[in-house]
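Coordinate analysis (summary)
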Amino acid sequence: MTELSTAEEAMTPRASRFNMPEWLIGLLRHKLSVFGLVIIFLSVFVALSASVISPYDPLQQDYDNLLNPPSFGHPLGTDYVGRDVTSRLIYGTQISLTVGLLSVIIAALIGVPLGVLAAFYGGWIDAAIMRFIDAKMAIPGLMLSMLLLLTLGGSIMTVSFALGFGLSSAQSRLIRSQALSVKEREYFQAARAMGVSNFKLMFIHMLPNSIQPVIVQASLGVGFAILGEAGLSFLGLGVTPPTPTWGNMLSLAFDNLRSAPHLMYPPGIAIVLVVISFSFVGDGLRDVLDPRLRGKI
Amino acid sequence: MTRFLLNRLGQAIIVFLMVSAMVFGALRILPEDPIYSIVGEDSEGYTPEQVAKIKADYGLDKPLPVQYFDWLSAFVVGDWGNSFQNGLPVTRMINRKLPFTIQLALGALVIGVVFGISTGVVAALKRNTKWDAIATSSAMVALALPEFWLALVLILVFSVYLDLLPVFGSALIWQDPLFAIQSSILPWLALGIGGAATLMRQSRSSMLETMGEDFIRTARSKGVPERVVIIKHALRNSLLPVVTILGLRIGRIIGGAIIIEVMFAIPGIGQMSVTALTKADYPVIMAVTMISAMAIIVANLVTDLAYSYIDPRIRYA
Amino acid sequence: MTTEVKPVLEIRDLKVHFQVNRGIVFVRNKGSVKAVDGVSLKIDPRETLGLVGESGSGKTTVGKAVIRLVNPTDGEIDFQGERVSGLSGGALREFRKRVGVVFQDPFGSLDPRMSAERIIAEPLVTHGLYPDKDERRKRVRDLLEIVGLNANMSDRYPHEFSGGQRQRLGIARAIASDPALIILDEPVSALDVSIQAQVVNLLDELQKEFNMAYLFIAHDLSVVRHVSDRVAVMYLGKLMEVGTKEDIYENPLHPYTKALLSAVPVPDPEIESGRDRTILYGDIPSPTNPPSGCVFRTRCPLADEECATTVPPLREVSPGKNVACIKV
Amino acid sequence: MTQTTHQQEKLDVASDTVLDVRNLSTQFRTQAGVIKAVDNVSFNVKEGEVLAIVGESGCGKSVSALSVMRLVPTPPGEITDGQVLFGGQDLLQLRNEEMREVRGGQIGMIFQEPMTSLNPVMTIGAQIAESLMIHKGMSKEAALDRAEELLISVGVSDARLKMDDYPHQMSGGQRQRVMIAIAMSCEPKLLIADEATTALDVTVQAQILELLINVTQESRTALIIITHNLGIVARYANRVNVMYAGKLRESGSAIDVYKKSAHPYTVGLLGSVPNLMASTEGKLDSIEGEIPDLSNLPSGCAFEPRCTFAQDRCRTEDPSLQAVGAEHIAACWEAEKVQGSK
């Protein structure tokens, strides 16, 4: 052991144990993460209180006010059948956030057990799981989701499943590689040598020690899923219209690009803001959870 | 080396078979009955006997495994069937449309590689300066941009407001080079910037990591000038994870191409796949998925080869 | 004193061969690594057997094979007179209760997500010892004090302990289920010199107090001499020489043992200036492709053609003293 | 301006002194505070001499060597004070380009980890030749030819074949031979071996150490061995520096330091090592307590909390180095008592 390693060790704060407040404090120290958290909380608030705060019914058509530019009555204007863009944006938040979170949960539910099983058992189980994941990854994500949606039909649940199924490949691979390195660690061997059962080995030793990058990946995954949902809606394959989603709002904006360019900004900016917030939080989590990278990014 | 290649090829074939079986199976549970794309929207005029006859003609009445085997044995000899929608041979449709998609994907890839790696390396070397901050934050924003929204903004700025570039219409570069480039710039950018951002972040962090390695310290202890340390010692070593990301990018680019082709009205296979999917045009869907899968599988193979070229530890393993 | 004491551990002709396969689709067997190739050892109650060797000698694999972290290819392992090789399920768990293991890396051998209390309690929970929660907690606190740590540290996490303290935690975990044998795999080699001595002293005290036998696996010959009653020297998966520590250190017979001892510099400039140094040439051969005949012959000063063809058996030259060399 | 003062200082340095380090201090700024990794350390090495710097982790032995080479990662590290006089100039005052001439050209260095210290994607030959091309201005062909000779001289068999090998194809011992070939390629005046054999097996360690001694003695190159292994020091070193918690605690000839140890830490360190040559029973004379946290050192002598000789005074006043014999210094208030106790 050279003393440099001790010096480096000393550089990471001789912080107390890993518990909620500590990593939260670390995250809060990360300015961008704080920004991200604020935006996320704000959008969750907007989504939850949509029925209260939105000025109009998002489905209410008004043929006297078609494609209006922003005005006092309609702060973000109206669309081609006169629906209030502000209200649609507010209701769209519900869809985007729900789909984003749900997809990531589904991805973790599919991906994490597969990755842990593959790493723990190795051999043909590993080979079979990995080839399955390879096959899944050989179909471009959007095409995979499109196929699944055509089979399942478009609702919040199916869209989330389609996106989560695609995202799960990355989760499996990530947790597998982490778990494989845990498998080589002496504490894992020590637990095996003690006679700890396979189930406990997997879920008490392997999983908690491999989950960190998965958490980071998941927070970035929310952003990917929101983008994915928007893309599917844009193609007319997401949650079925007239339910407002940011994606189908953009799709309408595209159709009216020349006559009403103002329509493309609200949903676009909303997507960018929320997605970037999740990636800030993800980066913050990475820094907090992985001391190795501390100070590097 | 040959054995390594054979092995990877074997794996690729297994993956290909799994993909084709998965997609084939998925298609058969589609609620959309393919009969409508064969006979057109108006199927009222057909008696059940006629419908059954048509199904039999297309082999749709056989058990699923038999259908799959029929499809596979025809597919490998180059008979990819005829489109349910227009009866044209799928291979001919692909031949006409694939070049547009390749042109789009390659352009986006080049933009990603050139911008991504160069800014990533520079950001790493100028770590914690304003250049690093600019590059890192633009990459963050770029990663949060949906391709189609970026495309919308680009169209709005360059075509609608500035009227510099055409929105619609496209050409192949060897047929009408000038128009091809003019009409491709926006799609290339829209599709390529996400990749550039990913590659930028990866090459930055992997460069930073390499610069902290023991052998970099060794090189410095030999008195190697810093410029040489970076170019000769650090760059090649830090490329490894970048190459991996590059391989994974191909899938994203193909997926992204679907939307971009729809938006810019590029007659590529992405656009074709959207129509085929909504019409349950099995032969076309199968062909498009298989081509994408093969592109991804080949990209992974090439990644592995590049890896072993860059890293002798893999080459001689 | 060798009158019919039943040994704690007896290993007969242990072989651990790892298959090296290449490829997933076109599997090709690239041969096998004979990590351990025909090793026989026994350890008496309360005895410390030092197992020394360099990298690739297979000493760690012997320890892992005993506790079944790797599966032996061949051979028999008896523990307190019962056959334990081939056990599985509950019987294997019961056997593992009676054997403790301490690993080399104090940073890697404790689960970073567990508090000291959970780490030490894990073997108790696993084997259903001290089912009462309060009694279990008391046992954990006792164990902490036994290994020289403050019982109030039980809610701390591994990274809050120093290297030496972590190794003490590892030892507390190993003795928690009152084992008859502890396998110590390089227990002090990752520690600083001044901390090493503390841990060696602790191990010594514990052995006397709890009547345990030790399989002490290490590459540091000085430490092994200090702690061991008998010593076994391994090279490339085979035993070269086995004997009491006086046999091995004062009257080594095998040319490898001699070279090994002379390679170790001692911390005394006066002695060093008068010592002759036998420097072995060449590297340790790869265990994938060990030399024919005697595995040591490629570096041996005594080797001749005969050594290339004859595999030297481990033979008893005097009571309790065994050497695998045809030249002595 | 500074040039002239350096010239004057050169006069103070004995003619055969290769390196003279004076009052060197290096610190690391960390989240836990400033760590004085090397604190006011002075030492020198003469031509053909073998100096050992020993100590446990965190004592500052490696950081002092890296400071001499100006290879301390900055930030967070920083050399805050002192002079490193080498060849009539203070290395700490050199411009970066000038310092590069010294590194590899006049001072060679070998590191601990043979696995990671060589560039994994460059051939062995190219890595040796690189130094020669930089410092000797050799052409690529000439440098490669010379590299092969060097490989032979460090005892690599099949040198011609090994030239085109990559590091991962070699054993740890061979890699360390390659490192020696690189470090010695430009006939340096000083070679620093930082835990160069720690990661190697005992028998290979012996080979590499013999090789190091032989190649340096042949050319009368000064050698600094940085190690925690007291046996290696006893076998090879002429003089020994014992470091603890960033400071030099005792320095003298190997015989003096081992046989007339004047610092309690040295005594404790020697007592902690079991004797290979004699059967020992019972307890080792270990040093109780833990190595201190450098960001939170006790006031007074840093060794005081673990010291059996400690007095009240030791808690408040940090002893400076004082003579305890001819060419033998130690930093302990109770040095006489310590020496007498042996």
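Residues numbered from 1 in each chain as written. Chains lettered and ligands numbered in written order. Predicted model: local features only at pLDDT ≥ 70, side-chain atom pairs only at ≥ 80, totals over all residues. Heavy atoms only, no water.

1. Looking at the overall build of chain B
Counted only if it meets this: We count a stretch as a helix when DSSP gives it H or I for four or more residues in a row; a strand needs E for two or more, and each element gets its number in order from the N terminus. Each residue gets one of three labels from its accessible area relative to the maximum for its type: buried under 20%, exposed over 50%, partly exposed in between, using a 1.4 Å probe on protein chains only. Residue contacts follow a heavy-atom distance rule, with two residues in contact if any of their heavy atoms lie within 4.5 Å. What sets the accessible areas is the Shrake-Rupley method with a 1.4 Å probe; for residues, cover comes only from the shown protein chains. Only four residue types enter the charge count, namely Lys and Arg as positive and Asp and Glu as negative; His and the chain termini do not. Charge coordinates come from a single atom per side chain, which is NZ of Lys, CZ of Arg, CG of Asp or CD of Glu.
Of regular secondary structure, chain B possesses 13 helices and zero strands. When the helices and strands of chain B are listed from N to C terminus, the series reads α-α-α-α-α-α-α-α-α-α-α-α-α. Dimensions of chain B, computed from C-alpha atoms along their principal axes, come out at roughly 85 × 55 × 35 Å. Per-residue burial over chain B gives 51% buried out of 317 residues. Taking all contacts inside chain B whose residues are at least 6 apart in sequence as the whole, residues at least 24 apart take part in 73%. Of the accessible surface of chain B, which amounts to about 14,100 Å², a share of 67% is contributed by carbon and sulfur atoms. Both charge centroids of chain B, one from 25 positive and one from 22 negative side chains, sit 16 Å from each other.

2. Some points on the overall build of chain D
On a plain count of helices and strands, chain D comes out with 13 helices and twelve strands. Principal-axis analysis of the C-alpha atoms places the extent of chain D at approximately 65 × 60 × 40 Å. Looking at the 342 residues of chain D, the share that counts as buried comes to 60%. Long-range pairs, those at least 24 residues apart, make up 65% of the contacts in chain D between residues at least 6 apart in sequence. Entry remark: accessible area of chain D is about 13,300 Å², with carbon and sulfur atoms responsible for 47%. The distance from the centre of the 31 positive side-chain charges to the centre of the 43 negative ones in chain D is 1 Å.

3. Some points on the side chain of Lys61(D)
Residue and element names in this part refer to chain D. As a reminder, the rule being used: Two N or O atoms form a polar contact when they lie within 3.5 Å of each other; inside protein one atom must be a possible hydrogen donor and the other a possible acceptor, and for residues adjacent in sequence the pair counts only when both atoms belong to side chains.
Within the element layout of this structure, Lys61 appears in helix α2 (residues 61-68). Within the local environment of Lys61, its side chain forms a polar contact with the backbone oxygen of Gly55, the two atoms lying 3.2 Å apart. Within the structure, Lys61 has its side chain in polar contact with the backbone oxygen of Glu56 (distance 3.5 Å).

4. Thoughts on the pairing of strand β10 (residues 247-253) of chain D
Residue and element names in this part refer to chain D. Note the following rule: For two strands to be treated as a pair, DSSP must find no fewer than two bridges joining them.
Burial analysis of β10 places five of its seven residues in the buried class, which makes it a mostly covered element. Relative to β10, strand β9 (residues 239-244) is paired through six bridges, and the arrangement is antiparallel. Pairing of Tyr244 across the sheet is with Lys247, part of β10. For β10 and strand β12 (residues 328-330), the ladder comprises two bridges, and the chain directions are antiparallel. For Glu250, the partnering residue across the bridge sits in β12 and is Ala330.

5. Some thoughts on the packing of helix α7 (residues 141-152) of chain A against helix α11 (residues 269-278) of chain B
We count it as follows: Helix axes use the C-alpha atoms of the stretch in contact, all axes being lines fitted to C-alpha atoms, and the angles between their N-to-C directions lie in the range 0 to 180 degrees. Should an angle lie under 35 degrees it is considered roughly parallel, over 145 roughly antiparallel, and from 65 to 115 roughly perpendicular; all remaining angles are considered oblique. Put simply, a crossing is left-handed when the front helix is turned counterclockwise from the back one by less than a right angle, and right-handed when it is turned clockwise. Note on residue classes: Ala, Val, Leu, Ile, Met, Phe, Trp, Tyr, Cys and Pro are nonpolar, Asp, Glu, Lys and Arg are charged, and everything else, Gly too, is polar.
Two elements in contact, α7(A) and α11(B), have axes separated by 10 Å at closest approach and are oriented at 15°. Considering their axes alone, α7(A) and α11(B) lie roughly parallel with respect to each other. At the point where α7(A) passes α11(B), the crossing takes the right-handed sense. In this structure, α7(A) contributes Met143(A), Met146(A), Leu147(A) and Leu150(A) to the contact, and α11(B) contributes Ser273(B), Val274(B), Leu277(B) and Thr278(B). By residue class, the composition of the contact of α7(A) with α11(B) is six nonpolar, two polar and no charged.

6. Description of the domain arrangement of chain B
Residue and element names in this part refer to chain B. To be explicit about the condition: Residue ranges labeled as domains rest on an automatic or database domain assignment. Summed over both partners, the accessible surface that disappears when two parts come together, traced with a 1.4 Å probe, is what is meant by buried area.
For chain B, the assigned domains read domain 1 (2-75) and domain 2 (95-310). Look at where the C-alpha atoms of domain 1 and domain 2 centre, and you get two points 33 Å apart. The interface of domain 1 with domain 2 comprises 21 residues on the first partner and 15 residues on the second. A buried area of about 1,700 Å², summed over both sides, lies between domain 1 and domain 2, and 80% of it is on carbon and sulfur atoms. The largest share of the area that domain 1 buries against domain 2 comes from Arg8, Phe16 and Leu27, three residues that together contribute 27% of it.

7. A word on the pattern of salt bridges
Any two side chains of opposite charge can pair if their charged atoms end up close together. The following threshold applies: Note on definitions: salt bridges are taken to be side-chain nitrogens of Lys or Arg within 4 Å of carboxyl oxygens of Asp or Glu.
Applying the stated criterion across every chain yields a total of 49 salt bridges over all chains. Two residues, Glu272(C) and Arg275(C), come together in a salt bridge whose shortest N-O distance is 3.0 Å. Each member of the pair Glu272(C) and Arg275(C) is classed as buried. The shortest N-O distance in the salt bridge between Arg315(D) and Asp312(D) comes to 2.8 Å.

8. A short note on a nonpolar patch on the surface
Inclusion rule: The patch calculation keeps residues exceeding 30% relative accessible area without a salt bridge and links them within 9 Å when they carry like charges or within 5 Å when they are nonpolar (Val, Leu, Ile, Met, Phe, Trp, Tyr).
A surface patch of nonpolar side chains, amounting to about 740 Å² of accessible area, comprises Phe35(A), Tyr265(A), Ile269(A), Leu273(A), Val157(B), Tyr161(B), Leu162(B) and Leu164(B). Elements with a contribution of two residues or more to the nonpolar patch: α12 (265-289) of chain A together with α7 (147-161) of chain B. Ranked by the residues each element gives to the nonpolar patch, the list is headed by α12(A), at three residues. Checked against the element boundaries, Leu164(B) lands in the loop between α7 and α8 (177-211).

9. Digging into the packing of helix α5 (residues 90-125) of chain B against α8(B)
To describe two helices that pack against each other, one gives the angle between their axes and the distance between the axes. All names here are of chain B. Their axes nearest at 5 Å, the elements α5 and α8 cross at an angle of 35°. In the crossing of α5 with α8, the sense of the turn from one axis to the other is right-handed. When its residues are assigned to classes, the contact of α5 with α8 shows 20 nonpolar, ten polar and one charged.

10. Brief notes about α7(B)
Counted only if it meets this: The span one expects for a helix is its residue count, reduced by one, times 1.5 Å. Bend, at a single residue, is the angle you get between axes fitted to the 7 residues ending at that residue and the 7 residues starting at it.
Compared with an ideal rise of 1.5 Å per residue, which puts 15 residues at 21 Å, α7(B) spans 20 Å between its outermost C-alpha atoms and is within 8% of the ideal. The sharpest bend along α7(B) measures roughly 30° and falls at Ile155(B). Turning to α7(B), its buried residues are Glu147(B), Phe148(B), Trp149(B), Leu150(B), Ala151(B), Leu152(B), Leu154(B), Ile155(B), Leu156(B) and Ser159(B). As for α7(B), its buried residues are in contact with α10 (198-234), α11 (246-255) and α12 of chain A together with α8 and α10 (226-264) of chain B. Directly beyond the C-terminal end of α7(B), a positive phi value near 55° is found at Asp163(B).

11. A look at the sheet that holds strand β11 (residues 322-325) of chain D
Residues and elements named next belong to chain D. A sheet is described by the order of its strands in space; here eight strands give the open sequence β6-β7-β8-β3-β9-β10-β12-β11, paired in mixed fashion. In the strand order of this sheet, the two ends are held by β6 (107-110) and β11, each with one partner. Across the sheet, the axes of successive neighbouring strands diverge by a mean angle of 20°, strand direction being ignored. α2 contacts β3 (50-54), β6, β7 (190-194), β8 (222-227) and β9 of the sheet and is inclined by roughly 145° relative to β8.

12. Brief notes about the packing of aromatic side chains
Here is the rule we go by: The criterion for an aromatic pair is that two Phe, Tyr or Trp rings (for Trp, the six-membered ring) have centres within 6.5 Å, with stacked assigned to planes under 30 degrees apart, edge-to-face to planes over 60 apart and tilted to the rest. Geometrically, a charge over a ring is one whose NZ (Lys) or CZ (Arg) sits within 6 Å of the ring centre while staying within 35 degrees of the ring normal.
Across all of its chains, the model carries 21 aromatic pairs over all chains by this definition. When the ring of Phe234(A) is compared with that of Phe254(A), the centres are 5.9 Å apart and the planes differ by 50°; the resulting orientation is tilted. Here Phe234(A) is found in helix α10, whereas its partner Phe254(A) is found in helix α11, with 20 residues between them in sequence. Like Phe254(A), Phe234(A) is buried. Seen from their ring centres, Tyr68(B) and Trp71(B) are 6.0 Å apart, and the 25° between their planes marks the pair as stacked. Of this pair, Tyr68(B) and Trp71(B) both sit in helix α4 (residues 64-76), separated by three residues, roughly a single helical turn. The structure contains a cluster of three or more aromatic residues connected by ring pairs, namely Phe16(B), Phe24(B), Tyr68(B), Trp71(B), Phe75(B) and Trp80(B). Stacked on the ring of Phe165(A), the Lys or Arg Lys136(A) has its end atom at 4.6 Å from the ring centre. In this arrangement the basic side chain of Arg313(D) is found over the ring face of Trp333(D), its NZ or CZ atom lying 3.7 Å from the centre.

13. Some thoughts on the interface of chain C and chain D
When the parts of a complex come together, some accessible area is lost, and that lost area is often used as the size of the interface. Facing 47 residues of chain C, the contacting portion of chain D comprises 45 residues. At the boundary of chain C with chain D, the tally comes to four salt bridges. For the pair chain C and chain D, the interface holds 20 residue pairs in polar contact (both at pLDDT 80 or more). Secondary structure elements with two or more residues in the side of chain C that touches chain D: α6 (193-210), α7 (221-227), α8 (245-250), α9 (255-263) and α10 (269-274) of chain C. Here the side of chain C that touches chain D gets nine residues from one element, more than from any other, and that element is α6(C).

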